Amino acid sequence: ELANLSTEQRTIYEENLMQYWGMKSAIDTAVEEAVEEREIEIAKNAILEGANDQFVAKITGLSPEEVEKLRIELKK
């Protein structure tokens, strides 16, 4: 129980808890970025295969505006 910890133990606990949340936040961010990169890659492949923007948005979760930007980018 936290109430029974000494001041030193409590300090160590809180430091470890902060480290845990920092690592969890970093991992969550990395996962979100990886998922977004994968969605963009899928969208690009679908666009190159001739899929329309609404379909690409539906299968990737990207907005129609994001899909249109990718389409323009691919035309360059």
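Structure's up top.
### A closer look at a nonpolar patch on the surface
Together, L2, L5, Y13, L17, Y20 and W21 line one region of the surface with nonpolar side chains, adding up to about 550 Å² of accessible area. In this fold, Y20 is placed in helix α1 (residues 7-48). Classification of Y20 by relative accessible area gives partly exposed; the value is 43%.

### Description of helix α2 (residues 53-60)
Every α-helix winds through 3.6 residues per turn, so residues three or four apart in the chain are directed the same way. All of the buried residues along α2 are D53, V56, A57 and T60. What you see down the axis of α2 is that its buried residues fit within an arc of 100°, all on one side. Residues Q54 and K58 are exposed on α2 and point more than 90 degrees away from its buried face. Packed against the buried residues of α2 are α1 and α3 (64-75). Count one or two residues on from α2 and you reach G61, which has phi positive near 85°.

About the cut-offs
- Residues numbered from 1 in each chain as written.
- Predicted model: local features only at pLDDT ≥ 70, side-chain atom pairs only at ≥ 80, totals over all residues.
- Heavy atoms only, no water.
- Patch = residues over 30% accessible without salt bridge, like charges linked within 9 Å, V, L, I, M, F, W, Y side chains within 5 Å.
- Areas by Shrake-Rupley, 256 points an atom, 1.4 Å probe, with all protein chains shown as cover.
- Salt bridge = Lys/Arg side-chain N within 4 Å of Asp/Glu carboxyl O.
- Helix = DSSP H or I, 4+ residues; strand = E, 2+ residues; numbered from the N terminus.
- Buried < 20%, exposed > 50% of the residue type's maximum accessible area, 1.4 Å probe, protein only.
- Arc of directions from axis to C-beta.
- Contact = heavy atoms within 4.5 Å.

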